[in-house]
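# A look at the structure
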2 protein chains.
Amino acid sequence: MRILGVDCGSTRTGLGIIDSDGLRHSLVYTVAVQTNVKDPMAQRLAMIYKELLSVIEEYQPELAAVEEVFHHANVQSALKLAHVRGVALLAIAQAGIPCNEYSPNAIKLSVVGYGKAQKHQVQLMVKTLLRLDGAPPSEDAADALAAAICCANHQGFQRKLHSS
Amino acid sequence: MRILGVDCGSTRTGLGIIDSDGLRHSLVYTVAVQTNVKDPMAQRLAMIYKELLSVIEEYQPELAAVEEVFHHANVQSALKLAHVRGVALLAIAQAGIPCNEYSPNAIKLSVVGYGKAQKHQVQLMVKTLLRLDGAPPSEDAADALAAAICCANHQGFQRKLHSS
């Protein structure tokens, strides 16, 4: 099964595509879409949307995983991120891809085994689980791949549950 | 000048189109896009985006006005609204329409003359300024038209400033 993971951010949005049988995962493609903070938000959203559509068209994922948004301390950052998330959900819905949403803690728990794992621990586990030679190109790419891996694990678990 | 106003909401999004010479405004079209809260957010975003694109294509506005998002007391509602706002900004950017963003207070100040005006006061002033026979069809439609009127007043003011 081919899965798209998206890590939304108003300056950098990570996209990651993996193939998975629910147990073993392999990297297909990953990229961090960088936008210019000096550009108007509308223009940055259009760039992220275009890149996401292009990745979906090229790699044809069957499932998507997007991290849920929480406000934590910085509500303004969360609001900006929610704009990007809206656009990501739109692109995924338009492509007819079922979309799963996971909390940051659920993703870390699934990938690292600990819901409050640090960024570098997520990167290390993504590298290990996808058997990469080096770390993913950026934190955002690692987070996108982590979302995809979480979704793959979730699918694997569901399959086991229904076959048992 | 033809102006599109958008009032974003996760359940109802108001769209309003007016014609204005900067002093007098007239109603062209208004609608409140209603989505089902039981549907997944992605599906609701796709519906709002489609409706917005269709209105833009039919009425060809030259300018757009979208209310800024603030979190106030309910951050979760603001985050949902920001998803819709992201999709609205995307549709406007894709159509190549310059987009102005105004705070709720700036819109009320421009339309009612008082930044903390109540909903019914905004509706009444929108009805008066657009010389409508009755109130706008909904609060969301009134708020969208108010954003468009604020933008028209702003443009009128800018024009006076540059010609003086």
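Fair warning: this is a prediction, and the values are worked out from it, not measured in the lab. (Residues numbered from 1 in each chain as written. Chains lettered and ligands numbered in written order. Predicted model: local features only at pLDDT ≥ 70, side-chain atom pairs only at ≥ 80, totals over all residues. Heavy atoms only, no water.)

## Remarks on the overall build of chain A
Convention followed: The helix count covers DSSP runs of H or I at least four residues long, the strand count covers runs of E at least two residues long, and both are numbered beginning at the N terminus. Atoms counted for the radius of gyration: C-alpha only. Globule rule: 2.2 Å times residue count to the power 0.38. Remark: exposure states derive from per-residue accessible area (1.4 Å probe, protein chains only) relative to the maximum for the residue type, with buried under 20%, exposed over 50%, and partly exposed in between. Pairs of residues are marked as contacts when any of their non-hydrogen atoms sit within 4.5 Å. Throughout, the Shrake-Rupley method with a 1.4 Å probe supplies accessible areas, and for residues the shown protein chains are the sole cover considered. His is not counted, nor are the chain ends, whereas Lys and Arg count as positive and Asp and Glu as negative. Think of each charge as sitting on NZ of Lys, CZ of Arg, CG of Asp or CD of Glu.
A tally of regular secondary structure across chain A gives 5 helices and 5 strands. Overall, chain A shows an N-to-C arrangement of helices and strands of β-β-β-α-β-α-β-α-α-α. The C-alpha radius of gyration of chain A comes to 15 Å, within 12% of the 15 Å expected for a compact globule of 164 residues. C-alpha extents for chain A along the principal axes are approximately 50 × 30 × 30 Å. Looking at chain A residue by residue over its 164 residues, the buried ones come to 49%. In chain A, the share of contacts with a sequence separation of at least 24, taken over all contacts with a separation of at least 6, comes to 62%. Accessible surface, chain A: about 7,800 Å² in total, of which carbon and sulfur atoms supply 52%. Where the 15 positive side-chain charges of chain A centre and where its 15 negative ones centre are 5 Å apart.

## Some words on empty space enclosed by the protein
Taking a probe equal in size to a water molecule and rolling it over the atoms shows the remaining empty space. Applied cut-off: Cavities and pockets are defined on a 1 Å grid built over the protein atoms alone: a cavity is a set of grid points where a 1.4 Å probe fits but cannot escape, while a pocket is an open set with protein on both sides within 12 Å along at least five of seven lines, and lining residues are those with an atom within 4 Å of any such point. Grid points are joined across faces, edges and corners, and a volume is the space filled by probe spheres set on the points. Each residue gets one label: Ala, Val, Leu, Ile, Met, Phe, Trp, Tyr, Cys and Pro are nonpolar, Asp, Glu, Lys and Arg are charged, and the others, such as Gly, are polar.
In total, this model carries 1 cavity of 30 Å³ or more according to the counting rule given. Reported here for the largest cavity is a volume of approximately 40 Å³. When grouped by side-chain class, the residues that make up the lining of the largest cavity number 3 nonpolar, 3 polar and 2 charged.

## Considering the pattern of salt bridges
Residue and element names in this part refer to chain A. Inclusion rule: Salt bridges, as used here, are contacts in which a Lys or Arg side-chain nitrogen is within 4 Å of a carboxyl oxygen on Asp or Glu.
In the structure shown here, the tally under the stated rule is 8 salt bridges over all chains. Close ionic contact of Asp19 with Arg2 constitutes a salt bridge, the shortest N to O distance being 2.8 Å. One end of the pair, Asp19, is in strand β2 (residues 12-20); the other, Arg2, is in strand β1 (residues 2-7), with 17 residues separating them in the sequence. Asp19 sits in the partly exposed class, given a relative accessible area of 26%.

## What about the packing of helix α3 (residues 104-111) of chain B against helix α5 (residues 139-163) of chain B?
Residues and elements named next belong to chain B. Defined as follows: Lines fitted to the C-alpha atoms define the axes, with helices restricted to the stretch that makes contact. Angles between their N-to-C directions range from 0 to 180 degrees. Comment on the angle field: the value is read as roughly parallel under 35 degrees, roughly antiparallel over 145, roughly perpendicular from 65 to 115, and oblique elsewhere.
It is at 9 Å that the axes of α3 and α5 come closest, and there the two elements cross at 75°. Relative to α5, α3 is oriented roughly perpendicular. The residues of α5 that touch α3, namely those facing Ala106, Ile107, Ser110 and Val111, are Ala146, Ala147, Ile149, Cys150 and Asn153. Along the lines of polarity and charge, the residues of the contact of α3 with α5 split into 7 nonpolar, 2 polar and no charged.

## Examining the side chain of Asp7 of chain A
Residue and element names in this part refer to chain A. Mapped onto the elements, Asp7 comes out in strand β1. Put simply, Asp7 is tucked away with no salt bridge, and the nearest opposite charge, on Lys119, sits 5.4 Å away. In this structure Asp7 touches Arg12, Thr13, Gly14, Glu67, Asp140, Asp143 and Ala144, once residues within four positions along its chain are discounted.

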